[in-house]
Number of protein chains: 2
Amino acid sequence: MANIRDVAELAGVSISTVSRYLNKTAKLSDERAKKIEESIEKLQYKPNVLARGVLTKKTATLGVIIPSIANPFFPELMISIEEYAQSEGYKLLLFNVNGDKDTESKAINSLLENRVEGILVARTEYPELYSDLDVPIVAIENHIGDHIPLVISDNYKGGKLAFEKLFQSGCKNIIHLAGDTVFEPTVIRRKGFENAAAEKEMSITVLQTNRIEVTKNYQQLISVFEGLEHYDGISTYNDFTAAKVIQYLSNIGLHSKIGREIKLIGYDNITMSELLSPPLTTVSQEVVEMGKLSVLTVLNVINGVNVDTTQFVDVKLVNRETT
Amino acid sequence: MANIRDVAELAGVSISTVSRYLNKTAKLSDERAKKIEESIEKLQYKPNVLARGVLTKKTATLGVIIPSIANPFFPELMISIEEYAQSEGYKLLLFNVNGDKDTESKAINSLLENRVEGILVARTEYPELYSDLDVPIVAIENHIGDHIPLVISDNYKGGKLAFEKLFQSGCKNIIHLAGDTVFEPTVIRRKGFENAAAEKEMSITVLQTNRIEVTKNYQQLISVFEGLEHYDGISTYNDFTAAKVIQYLSNIGLHSKIGREIKLIGYDNITMSELLSPPLTTVSQEVVEMGKLSVLTVLNVINGVNVDTTQFVDVKLVNRETT
């Protein structure tokens, strides 16, 4: 592979001139610039951006930490981050930490060693790991410190929308399957749902579940879901759980009631939700928008632009066939 | 942030001594090594691995190029690559190229500029982009050149397994929905399916579909699927299409026949497949194994170890409730 020395030699200039050309640190004469350009093309020289990163302290790299892939929401978020970062000329270093503290700590270290210009961290369980870092951070979905900007979906509105949809569909006997209380977003969704019910002076049931998303055992599921068929309106804190509810109802012979006698609404609008049978009505998290806003926010912090501490991404109702 | 100069000063040694310590290029006295260690700890110094990459030409970084996320198989593959690379001390630079040639070409350039030690490319449509690169490459799922190692699922066996499952379940009137002929794996699956049918001297129908996975329009789907209900055994080239078949059958009121009068088998075993109702019988691609083997192969190439040109990852039948 050609190096900077080869380019300099062919162009008949010094190495430092080529370097100035590459880093745009000085204006060269048109003639010299043209010679260098031609040499670069002829030799198919690729500037070593690592070396340039050492020099300029700019690596054009962002770090991304996601907690798990058990829930397809995170790969989808990650891909949308990647797309927008790419369009802004940034690369990603990606770590999936499986909710493990030690892995997450090592991931952070590796990102710092690689001089990423900023870190995006989605729904971490270990905010303390981020409290003393000397690099711009943006939190996604989970508040991790007063001075760290947060990009979060408008979960309160989402919870309200879910209740209102069931209410308007004529449901009289409504249950909300709430997510793990460790996670801020699911707690807020529950609150939005409950308050919307209170506004209509309707009593509802809330079933507090514990991470159904990692429960693989069908027997355990049944023990959680038993009796669910007696409600005419079911709301779940994510689409994954809604898929499990459809399985449960199908299994007890009630598949044909879904969307008719029993209405169901999920949360997230992951790709899978429209592939379910019936296709799932859900509250859309606008994952593309979240990814984009997260990248934009970290780039603003990097460039010294003021950002709001908390930025809400709007949610919307996606009507399909389960309601 | 502390730099190498600070460490040298505190330890009372020269910068080059600290550098020798970090890069393990020379043996230092225990006393000096201990002093440096203490200084690093005290100052919380993080060695700049970029600078080290420039020096040693080792960046401990791999590039990954995936074609799309319309099919959840790719994010799952990517995550399994990430997990194994991480365990081997490698980081990933990730590019999702959306099947676009220009984006893919730019992604390759960016990976080269960042001096990745190797590139993993999944199911590219543009093999020509990889023919002249001066870096170890491993192709996944698609043959891209005789000298480029390929990691591929045993698609022929997978096609056979799918047919045999339907046959053993007593199906008499079998159809295979084949994937786009652009993609080697789906063509080979079809061949495996057809040959297994020939062995049993059974006539089958093959329906050549064109990228159902990106077809969002339900009307278009109906025009592809119409009449499918007259078969008692349906095999699809991926799980995504099987999900669409379940939707089609449900929509024409035949949901309760699935797994009984109409058997259905998918291909891939993506996470979604067990969330469908009924949970989908499918041929598992063993995506974790594929990710792991791909990383292992590129590391072997990097380290000058001989590798087989084509490495097959075994497939297996996952029995659920649609057969």
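Being a predicted model, the structure only gives us computed values, none of them experimental.

Draft legend 1. Summary view of the overall build of chain A. Check the secondary structure of chain A and you find eleven helices and twelve strands. The C-alpha atoms of chain A give a radius of gyration of 25 Å, which is well past the 20 Å a tight globule of 323 residues would have. Split into buried and exposed, the 323 residues of chain A put 54% on the buried side. Across chain A, contacts joining residues at least 24 apart in sequence account for 68% of those joining residues at least 6 apart. On chain A, roughly 13,900 Å² of surface is accessible, and the fraction owed to carbon and sulfur atoms is 47%. Counting 34 positive and 42 negative side-chain charges, chain A places the centres of these two groups 5 Å from one another.

Draft legend 2. Focus on the sheet that holds strand 12 (residues 316-318) of chain A. Residues and elements named next belong to chain A. Here six strands make up an open sheet; going across it, the order is 7-6-8-9-10-12 and the pairing mixed. Every interior strand has two partners, whereas the edge strands, strand 7 (205-208) and strand 12, have only one. If you compare each strand with its neighbour and ignore which way they point, the axes differ by 20 degrees on average. Relative to strand 10 (residues 281-284), strand 9 (residues 263-268) runs parallel, the two being bridged by four bridges. In the sheet register, isoleucine 265 faces strand 10, and the bridge partner there is threonine 281. Across the face of the sheet, helix 10 (residues 239-251) comes into contact with strand 6 (174-178), strand 8 (233-236), strand 9 and strand 10 while running at roughly 150 degrees to strand 9.

Draft legend 3. Geometry of the relation of the copies chain A and chain B. Turning chain A through 180 degrees and shifting it by 0.1 Å along the axis lays it on chain B, with an RMSD of 0.2 Å. Put plainly, the chains are arranged around a two-fold axis. Of the interface residues in chain A, 100% have counterparts in chain B that sit at the interface too, so the contact is made through matching surfaces.

Draft legend 4. Region of the structure containing the interface of chain A and chain B. Contact residues are listed per partner, giving 48 residues for chain A and 48 residues for chain B. Together chain A and chain B conceal approximately 4,800 Å² of surface at their shared face, both sides included; 61% is due to carbon and sulfur atoms. Remark: the boundary between chain A and chain B carries zero salt bridges. In this assembly, chain A and chain B are joined by 15 residue pairs in polar contact (both at pLDDT 80 or more).

Draft legend 5. View of helix 10 of chain A. All names here are of chain A. Taking 1.5 Å per residue, 13 residues should reach 18 Å; helix 10 reaches 18 Å between its end C-alpha atoms and fits that length. Taking burial as the measure, the 13 residues of helix 10 include eleven buried ones, the bulk of the element. Immediately beyond the C-terminal end of helix 10, within one or two residues, lies glycine 253, with a positive phi of roughly 85 degrees.

Draft legend 6. Fine view of the pattern of salt bridges. Residue and element names in this part refer to chain A. Within this structure, the stated rule accounts for 16 salt bridges over all chains. Its salt-bridge partner being lysine 157, residue aspartate 314 comes within 2.8 Å of it at the nearest N-O pair. Of this pair, aspartate 314 sits in the loop between strand 11 (310-313) and strand 12 while lysine 157 sits in helix 7 (residues 155-168), and the two are 157 residues apart along the sequence. Between arginine 190 and glutamate 194 there is a salt bridge, with its nearest N and O atoms 2.9 Å apart. Pair noted here: arginine 190 and glutamate 194 are both in helix 8 (residues 184-199), with a separation of four residues, about one helical turn.

Draft legend 7. Helix 1 (residues 4-11) of chain A, seen in detail. All names here are of chain A. By the burial criterion, the buried members of helix 1 are Val7, Ala8 and Ala11. Down the axis of helix 1, the buried side of the element spans an arc of 100 degrees, and every buried residue falls inside it. Turned more than 90 degrees away from the buried face of helix 1 sit Arg5 and Glu9, all of them exposed.

Draft legend 8. Main features of the pairing of strand 9 (residues 263-268) of chain B. Counting buried positions along strand 9 of chain B gives six out of six residues, so the element sits mostly inside the fold. Following the chain from strand 8 (residues 233-236) of chain B across helix 10 (residues 239-251) of chain B to the adjacent parallel strand 9 of chain B, one finds a crossover that is right-handed.

Draft legend 9. Geometry of the environment of alanine 162 of chain A. Inspection of the secondary structure puts alanine 162 of chain A in helix 7. Spatially, the C-alpha atom of alanine 162 of chain A lies 9.5 Å from that of leucine 264 of chain A, the residues being 102 residues apart in sequence.

Draft legend 10. Spotlight on the environment of valine 182 of chain A. With respect to the element layout, valine 182 of chain A can be found in the loop between strand 6 and helix 8. On a C-alpha basis, the gap between valine 182 of chain A and glutamate 125 of chain A in space is 8.0 Å, while along the polypeptide they are 57 residues apart.

Draft legend 11. Representation of the sheet that holds strand 7 (residues 205-208) of chain B. All names here are of chain B. With mixed pairing, the six strands of this open sheet are ordered in space as 7-6-8-9-10-12. The two strands at the open ends of the sheet, each matched to only one other strand, are strand 7 and strand 12 (316-318). Neighbour to neighbour, the strand axes of the sheet diverge by 20 degrees on average, direction disregarded. With three bridges connecting them, strand 8 and strand 9 associate as parallel partners. The residue bridging serine 235 from the neighbouring strand is isoleucine 265, located in strand 9.

Draft legend 12. Looking closely at the side chain of glutamate 82 of chain B. Positionally, glutamate 82 of chain B belongs in helix 5 (residues 73-87). For glutamate 82 of chain B, which is buried and forms no salt bridge, the nearest opposite charge comes from lysine 91 of chain B, at a distance of 11 Å. Once you skip the residues sitting within four places of it in the chain, glutamate 82 of chain B turns out to touch Leu94, Phe95 and Asn96 of chain A together with Leu92 of chain B.

Draft legend 13. Here's a closer look at the packing of helix 7 of chain A against helix 8 of chain A. Residues and elements named next belong to chain A. One way to put it is that helix 7 packs onto helix 8 with a least axis distance of 7 Å and a crossing angle of 45 degrees. By the angle between their axes, helix 7 is oblique relative to helix 8. With respect to the hand of their crossing, helix 7 and helix 8 are arranged in right-handed fashion. In this structure, helix 7 contributes Asn155, Tyr156, Gly159, Lys160, Ala162, Phe163, Glu164 and Leu166 to the contact, and helix 8 contributes Pro185, Ile188, Arg189, Lys191, Gly192, Phe193, Asn195, Ala196, Ala197 and Glu199. Of the residues that constitute the contact of helix 7 with helix 8, the class distribution is nine nonpolar, four polar and five charged.

Draft legend 14. Spatial organisation of the packing of aromatic side chains. Taken as a whole, this structure holds eight aromatic pairs over all chains when the rule is applied. Taken together, a centroid distance of 5.4 Å and an interplanar angle of 75 degrees make the contact between phenylalanine 73 of chain B and phenylalanine 74 of chain B edge-to-face. When its relative accessible area of 4% is taken as the criterion, phenylalanine 74 of chain B is described as buried. One aromatic cluster in this structure is built from Phe163, Phe167 and Phe193 of chain A. Directly above the ring of phenylalanine 183 of chain A sits arginine 123 of chain A, whose terminal nitrogen or CZ lies 5.5 Å from the centroid.

Draft legend 15. Representation of unusual backbone geometry within the structure. For the peptide bond that leads from serine 277 of chain A to proline 278 of chain A, omega is -10 degrees, which places it in the cis range. Within the secondary structure, proline 278 of chain A is located in the loop between strand 9 and strand 10. Here alanine 60 of chain A, not a glycine, exhibits a phi torsion of approximately 50 degrees, which is positive. The residue alanine 60 of chain A is located in the loop between helix 4 (49-56) and strand 1 (61-66) in this model. The backbone of asparagine 269 of chain B sits at a positive phi, close to 60 degrees, despite the residue not being glycine.

Draft legend 16. View of the pairing of strand 4 (residues 137-140) of chain B. Residue and element names in this part refer to chain B. Side-chain alternation along strand 4 places Ile137 and Ala139 on one buried face and Val138 and Ile140 on a second face that is also buried. In this sheet, strand 4 lies alongside strand 3 (residues 118-122) in parallel orientation, the contact comprising four bridges. Its bridge partner lying in strand 4, leucine 120 is registered against valine 138. Both strand 4 and strand 5 (residues 150-153) contribute to a ladder of two bridges, which runs parallel. Across the sheet, the residue bridging to isoleucine 140 is valine 151, located in strand 5.

Each value, and the rule that gives it
- Residues numbered from 1 in each chain as written.
- Chains lettered and ligands numbered in written order.
- Predicted model: local features only at pLDDT ≥ 70, side-chain atom pairs only at ≥ 80, totals over all residues.
- Heavy atoms only, no water.
- Helix = DSSP H or I, 4+ residues; strand = E, 2+ residues; numbered from the N terminus.
- Rg over C-alpha atoms; globule rule 2.2 N^0.38 Å.
- Buried < 20%, exposed > 50% of the residue type's maximum accessible area, 1.4 Å probe, protein only.
- Contact = heavy atoms within 4.5 Å.
- Areas by Shrake-Rupley, 256 points an atom, 1.4 Å probe, with all protein chains shown as cover.
- Lys, Arg positive; Asp, Glu negative; His and termini not counted.
- Charge placed at Lys NZ, Arg CZ, Asp CG, Glu CD.
- Pairing = 2+ DSSP bridges.
- Axes fitted to C-alpha atoms, helices over the stretch in contact; angles between N-to-C directions.
- Least-squares fit on C-alpha atoms with pLDDT ≥ 70 in both.
- Buried area = accessible area lost by both parts, 1.4 Å probe.
- Salt bridge = Lys/Arg side-chain N within 4 Å of Asp/Glu carboxyl O.
- Polar contact = N/O pair within 3.5 Å; in protein donor to acceptor, adjacent residues only side chain to side chain.
- Expected span 1.5 Å × (residues − 1).
- Arc of directions from axis to C-beta.
- Right-handed = clockwise from strand over helix to strand, strands pointing away.
- Parallel < 35°, antiparallel > 145°, perpendicular 65-115°, else oblique.
- Left-handed = near helix turned anticlockwise from the far one by under 90°.
- Nonpolar A, V, L, I, M, F, W, Y, C, P; charged D, E, K, R; others polar.
- Phe/Tyr/Trp six-rings, centres within 6.5 Å; stacked < 30°, edge-to-face > 60°.
- Lys NZ or Arg CZ within 6 Å of the ring centre and 35° of its normal.

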